[in-house]
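Structural description and commentary
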Amino acid sequence: MYTMPIERGKIREFALATHNDHPDHQGEDAVAPPTFLTIAGLAWEPADESPLAELGFDLERVLHGEEEYVIHGHLPRAGTVVTVEARVAERFEKDGRRGGRLRFAVIVREFRDDAGDLIAEQRTTVVETAHAPEKT
Amino acid sequence: MNHAATDLTPLPSPGEELQPRTYGPLTRTDIVRYAGASGDFNPIHHDEPFATAAGFPTVFSIGMYQAGILAGYVVEQFGAATVRRFTVRFQEPVYPGDELTCQARITTVASAHDRHRLEVELEGRRQTGGLAVTGTAVFELPE
């Protein structure tokens with residue numbers, strides 16, 4: 001379990017980086033954009049809580065398959081501090097089209113506010129390919 | 001950019017397509033900017049020698065960058081406070097120089113008590129015609 005502050009300046013930076021100039025993401029009570037919580041796993045998650053590390057996948061063969069955000073209530077605002085719990089929720093395998101096995105994992109992060117209420121969930125599906133990613 | 005307030009009379013109908021928007025051409029600098037904003041410093045997305053040594057023609061975009069663009073397009077529709085779910089599936093890579101055209105189509109509209117729930121199907125398509133990302137979003141709109 002770890003915390004992440006939802007910060008006005010970071011919301012502004014992230015919105016502009018995604019070409020999102022909506023006024024909801026500006027100002028003191030700026031609302032986080034829908035994928036903003038991706039920052040938790042990338043910049044705030046302690047190494048010993050990382051589900052990706054726990055999976056033991058070969059990172060050179062890992063692709064990002066899907067991503068989902070479920071928002072309970074509404075997206076968090078600047079000034080909130082969220083508590084994050086990350087876990088591997090599912091693991092499964094499929095045969096690859098080019099032979100070999102594809103290993104899938106779904107990583108779930110739950111975000112709670114300071115009252116302990118669940119405000120958002122992130123589901124990240126990653127795939128370890130059987131071979132190195134196809135070069136196009 | 002004209003930001004729509006939640007004035008929804010009339011409510012969109014199932015099957016209706018929302019106004020598309022094209023972003024880009026997306027540059028290496030845009031990718032770097034998103035890398036800094038999100039905390040993803042995987043060199044495959046910004047380090048040219050690293051990417052070509054790994055067998056790629058050049059650096060390719062962070063998937064969550066095009067997801068973030070699509071999410072911004074979603075926010076443009078009815079405002080950030082209305083978004084309840086956002087899902088993306090990564091289909092093909094996006095490269096520097098690409099344009100991304102985001103489109104949405106209403107799939108369901110449900111009204112109950114004092115709110116409306118809209119579901120949309122989303123696409124982010126490259127200028128080549130290839131689909132970079134597909135997805136869905138759910139909105140909850142006040143009366």
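A word on the overall build of chain B. Across its full length, chain B holds three helices and five strands. Put simply, 66% of the contacts in chain B that link residues at least 6 apart link residues at least 24 apart. When the accessible surface of chain B is summed, it comes to about 6500 Å², and 51% of that surface belongs to carbon and sulfur atoms. Taking the average place of the 11 positive charges on the side chains of chain B and the average place of its 17 negative ones, the gap between the two points comes to 3 Å.

Residue and element names in this part refer to chain B. The terminal C-alpha atoms of helix α3 (residues 63-78) lie 24 Å apart, and with 16 residues this matches the ideal 22 Å at 1.5 Å per residue to within 8%. Along α3, 16 of the 16 residues are buried, which leaves the element largely enclosed by surrounding structure. Downstream of α3 by a residue or two, G79 has a phi angle that is positive, lying close to 95°.

Before going further, it helps to examine unusual backbone geometry. That bond from G24(B) to P25(B) is cis: its omega, 5°, falls within 30 degrees of zero. With respect to the helices and strands, the residue P25(B) is situated in the loop between β1 (21-23) and α1 (28-38). Its identity as a non-glycine residue notwithstanding, H19(A) has a phi of 60°, on the positive side. Within the secondary structure layout, H19(A) lies in the loop between α1 (8-17) and α2 (38-44). In this structure, H113(B) takes a positive phi of about 50° despite not being glycine. Assignment of secondary structure puts H113(B) in the loop between β3 (100-112) and β4 (115-126). Residue classification places H113(B) among the exposed positions, given a relative accessible area of 81%.

Running from N to C, α1(A) and α1(B) point in directions that differ by 150°, and their axes come no closer than 9 Å. By the angle between their axes, α1(A) is roughly antiparallel relative to α1(B). In this structure, α1(A) meets α1(B) at a crossing whose hand is left-handed. Residue-level contacts link K10(A), E13(A), F14(A), L16(A) and A17(A) of α1(A) to R33(B), Y34(B), G36(B), A37(B) and S38(B) of α1(B). Looking at the contact of α1(A) with α1(B), its residues break down into five nonpolar, two polar and three charged.

This brings us to the pairing of β4(B). Residue and element names in this part refer to chain B. Burial along β4 is one-sided: the face carrying H116, L118, V120, L122, G124 and R126 is buried and the face carrying R115, R117, E119, E121, E123 and R125 is not. Counted along the chain from β3 to the antiparallel partner β4, the turn is two residues long, and its residue H113 has a positive phi close to 50°. Taken together, the 11 bridges between β4 and strand β5 (residues 131-142) define a ladder with antiparallel strand orientation. When the sheet's bridge partners are listed, H116 is paired in β5 with L141. What sits between β4 and β5 in their antiparallel hairpin is a turn of four residues, with G129 showing a positive phi close to 95°.

Taken residue by residue, the interface counts 38 residues in chain B and 34 residues in chain A. Both sides of the chain B and chain A interface together cover about 3100 Å² of buried area, and 58% of this is carbon and sulfur. By the criterion of area lost to chain A, the three top residues of chain B are A37(B), M64(B) and R84(B), representing 17% of everything that side buries. The interface formed by chain B and chain A contains two salt bridges.

Looking now at the pattern of salt bridges. Considering all chains together, one arrives at 25 salt bridges over all chains under this definition. For R123(A), the salt bridge is made with E68(A), and the minimal N-O distance between the two is 3.9 Å. In this pair, R123(A) is assigned in strand β5 (residues 118-128) and E68(A) in strand β2 (residues 62-71), connecting sequence segments 55 residues apart. When its relative accessible area of 31% is taken as the criterion, R123(A) is described as partly exposed. Between E76(B) and R21(B) there is a salt bridge, with its nearest N and O atoms 3.9 Å apart. A residue pair is termed long-range when its members are at least 10 positions apart, and E76(B) in helix α3 and R21(B) in strand β1 qualify at 55 residues. You can call E76(B) buried: its relative accessible area is 8%.

Rules behind the numbers
- Residues numbered from 1 in each chain as written.
- Chains lettered and ligands numbered in written order.
- Predicted model: local features only at pLDDT ≥ 70, side-chain atom pairs only at ≥ 80, totals over all residues.
- Heavy atoms only, no water.
- Helix = DSSP H or I, 4+ residues; strand = E, 2+ residues; numbered from the N terminus.
- Contact = heavy atoms within 4.5 Å.
- Areas by Shrake-Rupley, 256 points an atom, 1.4 Å probe, with all protein chains shown as cover.
- Lys, Arg positive; Asp, Glu negative; His and termini not counted.
- Charge placed at Lys NZ, Arg CZ, Asp CG, Glu CD.
- Expected span 1.5 Å × (residues − 1).
- Buried < 20%, exposed > 50% of the residue type's maximum accessible area, 1.4 Å probe, protein only.
- Axes fitted to C-alpha atoms, helices over the stretch in contact; angles between N-to-C directions.
- Parallel < 35°, antiparallel > 145°, perpendicular 65-115°, else oblique.
- Left-handed = near helix turned anticlockwise from the far one by under 90°.
- Nonpolar A, V, L, I, M, F, W, Y, C, P; charged D, E, K, R; others polar.
- Pairing = 2+ DSSP bridges.
- Buried area = accessible area lost by both parts, 1.4 Å probe.
- Salt bridge = Lys/Arg side-chain N within 4 Å of Asp/Glu carboxyl O.

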